[in-house]
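Overview (structure and organization)
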Amino acid sequence: MTEPKANASTSRRDFLTTTAATAGTAALLSAVTPVHAAGSDKIKIGLIGCGGRGRGAASNTCEGNEGISIYALGDLFKDNLDSCRNTLKDDSHSREKLDLTDDRCFTGFDAYKKVIDSGVDMVILATPPGFRPMMLEYAVKAGKNIFTEKPVGVDGPGIRRVLAAYEEAKSKGLAIAAGTQRRHEAPYIEALKRIHGGEIGDITSARVYWNQGKLWHRSLAEQKEKKWSDMEWQIRNWLYFAWLSGDHIVEQHVHNLDVANWALTKDSSEPGHPLSCVGLGGRQVRTAPDFGHIFDHHAVEYVYPDNVHVQSFCRQIENTQGNVSEQIVGTKGSFGAKDQNFVFDVGGKKSRIRTKGINPYVQEHIDLVKSVREGKPINELKQVAYSTLTAIMGRMSTYTGQEVSWEQALNSKEVLMPEGELTFRSLPIPPVAVPGTTKLV
Ligand SMILES: NC(=O)c1ccc[n+]([C@@H]2O[C@H](COP(=O)([O-])OP(=O)(O)OC[C@H]3O[C@@H](n4cnc5c(N)ncnc54)[C@H](O)[C@@H]3O)[C@@H](O)[C@H]2O)c1
């Protein structure tokens, strides 16, 4: 994304490159006001976190957008980076849009900085979410447009950093889209418009669920066989460690909680969020240390303004009944989304939303890039930060057995990232939380 020609003989990229070379830090770049691309400028994208979703997101943005290139890759591990590079080379959407060189493929804990400083205009952040606040912070300081996967943190202090980055991004006019793709899915967009237009009356309650069986894991036996340090094993097995994933209520259920917050948003500058919650949860089936220390089920009741109660269930237990859905109930009727069925029930009359739209995983990248090109940057960071914090406060309640307020979650002092340097070293599995014993911090 070079400087629009009319503006300067020295392009913004030249300026950034020179400045970066001189300063060597993103901090100096924060002084630069970003200039958005004119329609024909190529947008150079750096992917940070080259796993399943990172590859998917890179392919999705290539499918949806012309005039972009995948310009740099970064991952903690070389094997994941290499296999991602091969996948993208084979992928029909991305293969023509790859502009990668070996010296723009970075590994290690500082790979994200190297990608951000490599001359990209936009980054895709798709590592485990425990690393998201520091990566968002650095990318915003460097003046990059961002696609960030959800969730955007795992604890209150992380969310405070993200909210500060949101303010900075807003003042710099950066575009940020989040991987809460329901917000870019045509039937959800229509439904929420109708809900906000009063079709089901005033919202009185809601139910949001993500109940399913097990997900993948990397066992302790594999750690031993491959001689991974504890740190490496935990990061490769990140779903099961709260410092990396936030627990599955944060990592996965954030999607459904985001729909509740969306429905209960009254003013777009202040996304809807609960005032307090009480939750029960535990680790009943997935108890082996292979599965780290997170719970396998959570049930939380959230209280929103106007005494609206939202019931939230999430479970990852094999052979149990699956249910991934949202239902919003109002004084005149209700709306339900489940298994790609979107149904209003008003006064006993059911009507189905027929709008199809395109794949929301592609649409979110179209919306992001378009907003950059048109100079009308979307910024979804605050809403996804609030939805992430909604999930975090639920976890704080299920872990401690205490009622948790929004302020307690937001002002929490609990930093989940292990103390000390991020290096491949020994790292004990954190204890499993015990309600009544685990303290609210
Ligand atoms: N929107 C959605 O529907 C959706 C679906 C799946 C995953 N996700 C989200 O996408 C993110 C990634 O999930 P995934 O399924 O791709 O996981 P994954 O394990 O497949 O990939 C994560 C990648 O990040 C790399 N990584 C880990 N720590 C890193 C670090 N410090 N620096 C650089 N790279 C690092 C890993 O090596 C790995 O390649 C998560 O936040 C997840 O919640 C979103």
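Residues numbered from 1 in each chain as written. Predicted model: local features only at pLDDT ≥ 70, side-chain atom pairs only at ≥ 80, totals over all residues.

1. Comments concerning the nonpolar core
The biggest cluster of nonpolar side chains holds 107 residues, and the ones touching the most others in it are Ile48, Val123, Ile124 and Leu381. Examining the composition of this core, we find that ten residues originate from one element, helix H15 (residues 381-400), more than from any other. Inspection of this core shows a minimum of three residues originating in each of domain 1 (5-182) and domain 2 (185-357 + 380-410). Contacts of isoleucine 124, omitting those with residues within four sequence positions, involve Ile45, Leu47, Ile48, Gly54, Ala57, Ala58 and Phe147. (Core = buried A, V, L, I, M, F, W, Y, C linked by C-beta atoms within 7 Å. Buried ≥ 20, exposed ≤ 12 C-beta atoms within 10 Å, placed from the backbone. Helix = DSSP H or I, 4+ residues; strand = E, 2+ residues; numbered from the N terminus. Domains from an automatic or database assignment. Contact = placed C-beta atoms within 7 Å.)

2. Observations regarding the site of the ligand
Around the ligand, a shell composed of 26 residues is seen, among which Gly49, Gly51, Arg53, Asn80 and Glu149 lie nearest. Elements that contribute at least two residues to the shell around the ligand include exactly helix H3 (52-64), strand S2 (68-75) and helix H5 (111-116). Counting residues per element, the shell around the ligand draws most heavily on H3, which supplies three residues. Classifying every residue of the shell around the ligand gives twelve nonpolar, nine polar and five charged. (Near = placed C-beta within 6 Å. Nonpolar A, V, L, I, M, F, W, Y, C, P; charged D, E, K, R; others polar.)

3. Remarks on the domain arrangement of the chain
As far as domains go, the chain holds domain 1 (5-182) and domain 2 (185-357 + 380-410). Each of domain 1 and domain 2 has a C-alpha centre, and the two are 27 Å apart. If you look at the interface, domain 1 gives 24 residues, while domain 2 gives 27 residues. Mapped by element, the contributors of at least two residues to the side of domain 1 that touches domain 2 are helix H7 (156-172) and strand S6 (176-178). The element best represented in the side of domain 1 that touches domain 2 is H7, accounting for eight residues.

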